[in-house]
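# An overview of the molecular structure
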Amino acid sequence: MAHEDLLEIARDVAREAGELAARLRREGVEVAATKSSPIDIVTAADRATEDLIRSRLADLRPGDGFLGEESGAERGTTGLTWVVDPIDGTVNYLYGLPNWSVSIAVVEGDPDPTTWTALAGAVDAPALGELYTASAGGGAWLEGRPLRVREAVPLDRALVATGFHYTQAIRANQARVAQPLLARVRDLRRAGGAAIDLAYLAAGRLDAYFEQGLNPWDQAAGALLVQEAGGVVRGLDEERPTNRMTIAGSAGVVEELRAALLELGA
Ligand code: 2AM
Ligand code: CA
């Protein structure tokens, strides 16, 4: 199937899932359970939204694999896997802050960011009224507007977004790194959703982004947006993003940020 057809599926399913999550938000939201730590939460809306996405994709693309944050992995037979975060930025969603999104990507190969080839992706942010899309070789788009990362600036003029882990021990090290880094950049932003951070980067609203501990579904669609907008997404030592670190932006900023993170022991 052509990338454009996969993109249409990603976009349509993300939009429908975004409408469901937004409606459930208006009806009220409570924490259903905690996951890796007491602050790592899941709501009934995360589960209902993933169920909707999973069943739509099963109808439209039987045979493809699925990897979702809430319901886990299912191997397919076509070599393609849909990598889904039903609600990225769940804490924002719970608190009524607008930076949460539905993130859907389709990848070829094992559903592992260090090896997969992302073919298409959509990040739908209903509370922002923004639906971002990208396909491999087809560019990154926001509502009909092609996206481009900002031209590289020196790190001391870069607006850098990041996020903090749900695990307190990892947070302690992130705080230790953030303190000196703050003096070396224009400013830091922490909006609370990796997929939108990456989409903002693709749209030229940030100069760079880094985060430790992202899962495949947090970054699958967002990383493709950044790459298709002319940016780079990589790890600390590795050329591909890993669970340990994701660094993204224009090539020049990414190199300088990476060197600073290595020096600071991130
Ligand atoms: P979530 O909202 O789906 O949990 C927060 O910095 C961003 O990182 C969110 O996109 C969050 O996704 C994601 N994230 C993934 N794993 C995380 C972790 N272990 N700790 C904190 N944030 C995590
Ligand atoms: Ca999530």
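Here the structure is a predicted model, which means the values were calculated and not measured.

## Looking at the sheet that holds strand S6 (residues 101-108)
Pairing is mixed in the open sheet, where 8 strands are placed in the order S4-S3-S5-S6-S7-S8-S9-S10. The open sheet has two edge strands, strand S4 (72-74) and strand S10 (145-146), and neither has a second partner. The sheet contact formed by strand S5 (residues 80-88) and S6 spans 7 bridges and is antiparallel. Looking across to S6, one finds that Asp-85 is bridged to Ser-103. On top of the sheet, helix H6 (residues 216-228) reaches strand S3 (65-68), S5, S6, strand S7 (117-125), strand S8 (130-135) and strand S9 (139-142); it is set at about 100 degrees to S7, its chief contact.

## Some details on the sheet that holds strand S13 (residues 208-211)
Across the sheet, 5 strands lie side by side as S12-S11-S13-S15-S14; this open sheet has mixed pairing. The open sheet has two edge strands, strand S12 (187-189) and strand S14 (232-234), and neither has a second partner. The mean angle between the axes of side-by-side strands here comes to 20 degrees, regardless of whether they run parallel or antiparallel. Pairing between strand S11 (residues 159-162) and S12: 3 bridges, direction parallel. Paired with Val-160 across the two strands is Leu-188, which belongs to S12. With respect to the sheet, helix H5 (residues 194-202) is in contact with S11, S13 and strand S15 (246-249), its orientation differing from that of S13 by roughly 160 degrees. Its contacts with the sheet put H6 on S14 and S15, and the angle it makes with S14 is roughly 140 degrees.

## Examining the site of ligand 1
Close to ligand 1 lie 19 residues, the nearest being Asp-88, Gly-89, Tyr-166, Ala-194 and Glu-211. The contact in question runs from an oxygen atom of ligand 1 to an N or O atom on the backbone of Thr-90, over 3.0 Å. Contact between ligand 1 and Gly-213: a nitrogen atom at 3.4 Å from a main-chain N or O atom of the residue. Contact with the protein chains covers 95% of the free accessible surface of ligand 1, which is 480 Å². No other element matches S5, which puts 3 residues into the shell around ligand 1. Looking at side-chain class alone, the shell around ligand 1 contains 5 nonpolar, 8 polar and 6 charged residues. Structurally, the shell around ligand 1 is a two-domain feature, drawing no fewer than three residues from each of domain 1 (3-146) and domain 2 (155-263).

Parameters at a glance
Residues numbered from 1 in each chain as written. Chains lettered and ligands numbered in written order. Predicted model: local features only at pLDDT ≥ 70, side-chain atom pairs only at ≥ 80, totals over all residues. Heavy atoms only, no water. Pairing = 2+ DSSP bridges. Helix = DSSP H or I, 4+ residues; strand = E, 2+ residues; numbered from the N terminus. Contact = heavy atoms within 4.5 Å. Axes fitted to C-alpha atoms, helices over the stretch in contact; angles between N-to-C directions. Near = heavy atom within 4 Å. Polar contact = N/O pair within 3.5 Å; in protein donor to acceptor, adjacent residues only side chain to side chain. Areas by Shrake-Rupley, 256 points an atom, 1.4 Å probe, with all protein chains shown as cover. Nonpolar A, V, L, I, M, F, W, Y, C, P; charged D, E, K, R; others polar. Domains from an automatic or database assignment.

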